[in-house]
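The lines below spell out each chain.
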Amino acid sequence: MQRGQFAPTLHAEEINPEIDFARTPFVLQRTRADWPRADGAPRLSCVSSFGAGGANAHAVLEEHIEPPRPAPRPEAALILLSARDAERLTAYAGKLARFIAARGDGLALDDLAFTLQAGREPMAQRLAFVARTLDEARARFDAVASGADMSGAHIANIKAHRDEMGPYT
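In short, a report on the structure. Computed from a predicted model, the values in this text were never measured in an experiment. (Residues numbered from 1 in each chain as written. Predicted model: local features only at pLDDT ≥ 70, side-chain atom pairs only at ≥ 80, totals over all residues. Heavy atoms only, no water.)

Remarks on the overall build of the chain
Quick note on the threshold: By definition, any uninterrupted DSSP run of H or I lasting at least four residues is a helix, any uninterrupted run of E lasting at least two residues is a strand, and each is numbered from the N terminus. Relative accessibility under 20% of the residue-type maximum defines a buried residue, over 50% an exposed one, and the middle range a partly exposed one, all with a 1.4 Å probe and only protein chains included. Note on definitions: a residue-residue contact is assigned when non-hydrogen atoms from the two residues lie within 4.5 Å. Residue exposure ignores everything except the shown protein chains as possible cover, and the areas themselves are Shrake-Rupley values with a 1.4 Å probe. Here the positive residues are Lys and Arg and the negative ones are Asp and Glu; neither His nor the chain ends is included. Note that the charge is assigned to NZ on lysines, CZ on arginines, CG on aspartates and CD on glutamates.
Regarding its fold elements, the chain presents 4 helices and 7 strands. From first element to last, N terminus to C terminus, the chain shows the α and β order β-β-β-β-β-α-α-β-α-β-α. Taken along the three principal axes of its C-alpha coordinates, the chain extends 80 × 40 × 30 Å. A total of 169 residues make up the chain; the buried ones form 21% of that total. A sequence separation of at least 24 residues applies to 62% of the contacts in the chain between residues at least 6 apart. Accessible surface computed for the chain: about 12700 Å², of which carbon and sulfur atoms make up 54%. Across the chain, the mean location of the 20 positive side-chain charges is 4 Å away from that of the 22 negative side-chain charges.

See the structure below:
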């Protein structure tokens, strides 16, 4: 599926004379061949295994087609990060900076922001900043990890400000 090709069937050099393939919709795939999509629909495949002891298995596989990304992207994103304590927050910021540097081409800033906001359990030590690009987010994470100037970033422990935060925690 991944390469868009049919793979040859193994151990099918000799065709069973009792099967008239010309009268069926089935094909004995003896060579590699292109596997086009029908009207852009995902490719479907079945895999069967027949054991000598009578055990049989059959699986239906469907190709995953990545949905098109929406064109408009926000001009900036709110980046949130939390950890149990300041030490873990610093370590995690460094880890995220390295992740963005290594895989930045395949990331979208708003996807990163959404995952950090909704895909994690909020913890007591928190970091928040606004970034306009992935490079800016990576630089801010680097600054937090190295203890450098963090202008524009806000770091706080919500337990120390519990009375002020009230319904926001």
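The rest of the description comes next.
A closer look at the sheet that holds strand β7 (residues 154-157)
In a beta sheet, neighbouring strands pair by backbone hydrogen bonds and run either parallel or antiparallel. How we decide: Note on pairing: two strands pair once DSSP finds at least 2 bridges between them. Interaxial angle, 0 to 180 degrees, is taken between N-to-C directions of lines fitted to C-alpha atoms, where a helix line uses only the stretch in contact.
Strand order in this open sheet of 3 strands is β5-β6-β7, and the pairing throughout is antiparallel. Since the sheet does not close on itself, it has two edges, and those belong to β5 (77-83) and β7, each with one partner. Pairwise comparison of adjacent strand axes, ignoring direction, gives a mean angle of 15 degrees for this sheet. Where β5 lies against strand β6 (residues 125-131), 7 bridges are found, and the strand directions are antiparallel. What sits directly across from S82, in β6, is R126. Of the strands in this sheet, β5 and β6 touch helix α2 (residues 109-118), which is tilted by about 35 degrees from β5. On top of the sheet, helix α3 (residues 134-146) reaches β5, β6 and β7; it is set at about 145 degrees to β6, its chief contact.

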